[in-house]
Amino acid sequence: MIEILQWTTLIASGAAALSRIPNLVRRKNRSIFYALVLLTLAILLSIRGPYMAIDALLGGVNVANLLLRFIIFGAIFFLALRIAAGFGDSRGVQLIRGRTGMLALGLISAVLVVCFVLMDTSGSSAGLVEVAGKNQQNALLVEYYGAAGRAYPAYVCLAILPGMLRAIRSPLPALLRASAALLAAGSIAIPLSLLFPVVPPGLGFLRFAINYAAILCFVVGLALIWLASGLAARKHRLLSGERR
């Protein structure tokens, strides 16, 4: 079930990225394409098979996991920034791109790297499960490392959440309000990942469900925005033709 969710999310994200290639060629909204490509790479690295193969090429010391974390940081930064700008959320843009956002990114990245360097990371381990099992110090560092990896996406999502909630209640077209609702759902789900350390082992599947559901909410939400934009452009062309 978890693998089905992982591969479904990967296909959805990859398809969304491919759909943006025409805009990339036209030099329009290129940041969205780059963000979706990063998101697709992040999903690929979160799947055990591809992760093990890629990490082996990088030396088998779980550098792929550190790379995964920074890819997620980049993807969520560009996606959230574009979403906030698209919905006219200047406060959200400022919280992500301004001094506070850059400080949060810098500090969290530093903690992430320090924890990684202090761990014994030898031996490829998807999710760092085997790394955490080596000794008590490693287990503690993996917890701190994981918390840092979840902290920045949570910060960014909380920054854009108020703007999405306002958009849901606004007089925008129904498709855009539906998009805002999905994006708000994703923005709520990702901060919930901060509670993962207290999730009982028997409910570990919830971690995967929450993460991948959040990604699907973002991808589908963005797709609805593009659909709404396309319908609006078509309507504009029809009205222009009638006036002639």
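Fair warning: this is a prediction, and the values are worked out from it, not measured in the lab. (Residues numbered from 1 in each chain as written. Predicted model: local features only at pLDDT ≥ 70, side-chain atom pairs only at ≥ 80, totals over all residues. Heavy atoms only, no water.)

Q: A description of the confidence of the model for the protein should follow, citing residues and the corresponding values.
A: Scored by pLDDT, the protein has a mean of 89; 95% of the residues are at 70 or more. At the level of individual helices and strands, the protein shows its lowest average pLDDT in helix H11 (residues 205–243), which scores 78, and its highest in helix H7 (residues 99–118), which scores 96. (pLDDT = per-residue confidence, 0-100. Helix = DSSP H or I, 4+ residues; strand = E, 2+ residues; numbered from the N terminus.)

Q: Lay out the side chain of Ser 13 in plain terms, naming residues and giving numbers.
A: Counting through the fold element by element, Ser 13 comes out in helix H1 (residues 2–19). Judged by relative accessible area, Ser 13 falls into the buried class, the value being 0%. (Buried < 20%, exposed > 50% of the residue type's maximum accessible area, 1.4 Å probe, protein only.)

Q: Account for a nonpolar patch on the surface, with residues named and values stated.
A: Taken together, the side chains of Ile 2, Leu 203, Phe 205, Leu 206 and Phe 208 present a nonpolar region at the surface, about 400 Å² in accessible area. The element that contributes the greatest number of residues to the nonpolar patch is H11, accounting for 3 residues. As for its position among the elements, Leu 203 is in the loop between helix H10 (174–192) and H11. (Patch = residues over 30% accessible without salt bridge, like charges linked within 9 Å, V, L, I, M, F, W, Y side chains within 5 Å. Areas by Shrake-Rupley, 256 points an atom, 1.4 Å probe, with all protein chains shown as cover. Salt bridge = Lys/Arg side-chain N within 4 Å of Asp/Glu carboxyl O.)

Q: Can you tell me about the packing of helix H5 (residues 63–86) against helix H9 (residues 136–168), naming the residues and giving the values?
A: Remark: H5 packs on H9, axes separated minimally by 10 Å, with the N-to-C direction vectors making an angle of 5°. On the basis of their axis angle, the class for H5 and H9 is roughly parallel. Residues Asn 65, Leu 66, Arg 69, Ile 72, Phe 73, Ile 76, Phe 77, Ala 80, Ile 83 and Ala 84 of H5 form the contact with H9, whose participating residues are Tyr 145, Gly 146, Ala 148, Gly 149, Tyr 152, Pro 153, Val 156, Cys 157, Ile 160 and Met 164. Considered class by class, the residues forming the contact of H5 with H9 number 16 nonpolar, 3 polar and 1 charged. (Axes fitted to C-alpha atoms, helices over the stretch in contact; angles between N-to-C directions. Parallel < 35°, antiparallel > 145°, perpendicular 65-115°, else oblique. Contact = heavy atoms within 4.5 Å. Nonpolar A, V, L, I, M, F, W, Y, C, P; charged D, E, K, R; others polar.)

Q: Requested: an account of the pattern of salt bridges, with residues and values cited.
A: When the charged atoms of two side chains lie near each other, side chains of opposite charge can form a pair. Under the definition given, this model contains 2 salt bridges. One salt bridge connects Asp 89 with Arg 166, and the closest N-O pair in it is separated by 3.2 Å. Here Asp 89 is found in the loop between H5 and helix H6 (90–97), whereas its partner Arg 166 is found in helix H9, with 77 residues between them in sequence. On the basis of relative accessibility, which here comes to 3%, the residue Asp 89 falls in the buried class. Put simply, Lys 134 and Asp 120 hold a salt bridge, and the shortest N to O gap is 3.3 Å. Taken together, the residues span a long stretch of sequence, with Lys 134 in the loop between helix H8 (129–132) and H9 and Asp 120 in the loop between H7 and H8 at a distance of 14 residues. Classification of Lys 134 by relative accessible area gives partly exposed; the value is 33%.

Q: Run through the nonpolar core, naming residues and quoting values.
A: Ranked by size, the top nonpolar core spans 62 residues in total, and within it Leu 39, Ile 83, Phe 87, Ile 96, Met 119, Tyr 145 and Tyr 152 carry the most contacts. At the level of secondary structure, the elements contributing two or more residues to this core comprise H1, helix H3 (30–45), H5, H6, H7, H9, H10 and H11. If sequence neighbours within four positions are ignored, Tyr 152 has contacts with Phe 73, Ile 76, Phe 77, Ile 96, Gly 101, Ala 104, Leu 105 and Ile 108. (Core = buried A, V, L, I, M, F, W, Y, C linked by side-chain atoms within 4.5 Å.)

Q: Could you give an account of unusual backbone geometry, naming the residues involved and the relevant values?
A: A positive phi angle is found at Asn 62, which is not glycine, with a value near 65°. Residue position: Asn 62 is located in the loop between helix H4 (48–57) and H5. Classification of Asn 62 as buried rests on a relative accessible area of 0%. One non-glycine residue, Leu 128, lies in positive phi territory at about 60°. Tracing the backbone shows Leu 128 in the loop between H7 and H8.

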